[in-house]
Amino acid sequence: MRELALNVLDIAENSLAAGAKNIEILLWADFGEDKMRIDIKDDGCGMDEETVKKVTDPFTTSRKTRSVGMGLPLFRYSAESTGGRFEIRSEKGKGTEVFAEYRIGHIDRMPLGDFGGVVLQLITMNPQVDFLVTVECSDQKGALDTREIKEILGEIPLDTPEVRAFLKDYIRENLVSIYGGRL
């Protein structure tokens, strides 16, 4: 994967496949400390301790269509190759949390990519799931909670063209306001 946003999409798709009904995505940056963090947490079926130990091995996958799973191993590598760190916590029946931390200025840090587009796609293509997406930098914070949006919209679906256009602009404006294009 060439962009971190695609890693977020892949991990969130794993959450969806695990039956998650609530997915939290955090993008946090501190330019003074030269750190960026991506955290994805779900309430899916979770994994037992043995599976958690093996899940970052590319030859461990739950897919039936192929015997290789590169999402988590690449996410881990993307963080550790920048001097950052990676963790995965999971409990059977309770969900999973994947955490990756990066040094922002490291030459090997992949670009963030179209994070806003990934968030928009996840939200509008999975109306049965609630997403809480938080972006933070220094003293600025933005959050998008689909439960609040659904409450306001009532019966109007999130993939309605006007709603989708609003969400796209809202996400983009918050990302630009908070990060100023620096990620």
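This section reports on the structure supplied with the text. Remember, it's a predicted structure, so these values are computed and weren't measured experimentally. (Residues numbered from 1 in each chain as written. Predicted model: local features only at pLDDT ≥ 70, side-chain atom pairs only at ≥ 80, totals over all residues. Heavy atoms only, no water.)

### Comments concerning the overall build of the protein chain
Argument step 1. Each helix and strand in the protein chain was counted, giving six helices and six strands.
Argument step 2. From first element to last, N terminus to C terminus, the protein chain shows the α and β order α-β-β-α-α-β-β-α-β-β-α-α.
Argument step 3. Here the protein chain has a C-alpha radius of gyration of 16 Å; the compact-globule value for 183 residues is 16 Å, and the two agree.
Argument step 4. Viewed in the frame of its principal axes, the protein chain has a C-alpha envelope of about 45 × 40 × 25 Å.
Argument step 5. Counting across all 183 residues of the protein chain, residues that qualify as buried make up 44%.
Argument step 6. Sequence-distant contacts in the protein chain: of pairs separated by 6 or more residues, those separated by 24 or more amount to 62%.
Argument step 7. Counting every atom, the protein chain has about 10100 Å² of accessible surface; 50% of that belongs to carbon and sulfur.
Argument step 8. Averaged over its 24 positive side-chain charges, the protein chain has a centre that lies 4 Å from the centre of its 32 negative ones. (Helix = DSSP H or I, 4+ residues; strand = E, 2+ residues; numbered from the N terminus. Rg over C-alpha atoms; globule rule 2.2 N^0.38 Å. Buried < 20%, exposed > 50% of the residue type's maximum accessible area, 1.4 Å probe, protein only. Contact = heavy atoms within 4.5 Å. Areas by Shrake-Rupley, 256 points an atom, 1.4 Å probe, with all protein chains shown as cover. Lys, Arg positive; Asp, Glu negative; His and termini not counted. Charge placed at Lys NZ, Arg CZ, Asp CG, Glu CD.)

### Looking at the pattern of salt bridges
Argument step 1. Within this structure, the stated rule accounts for 12 salt bridges.
Argument step 2. For the salt bridge of arginine 103 with aspartate 34, the shortest nitrogen-to-oxygen distance reads 3.7 Å. Of this pair, arginine 103 sits in strand β4 (residues 95–103) while aspartate 34 sits in the loop between β1 (22–30) and β2 (35–42), and the two are 69 residues apart along the sequence.
Argument step 3. For arginine 103, a relative accessible area of 38% puts it in the partly exposed group.
Argument step 4. We classify aspartate 34 as partly exposed; its relative accessible area is 23%. (Salt bridge = Lys/Arg side-chain N within 4 Å of Asp/Glu carboxyl O.)

### Some thoughts on the pairing of β2
Argument step 1. Strand direction decides the pairing type here: β1 and β2, joined by eight bridges, are antiparallel. The residue of β2 that forms the bridge with leucine 26 is aspartate 39.
Argument step 2. As consecutive antiparallel partners, β1 and β2 are separated by four residues, and within that stretch aspartate 34 has a phi angle of approximately 60°, a positive value.
Argument step 3. Bridge count for β2 against β4 is seven bridges, and the pairing is antiparallel. Bridging from a neighbouring strand, isoleucine 38 pairs with alanine 100 of β4. (Pairing = 2+ DSSP bridges.)

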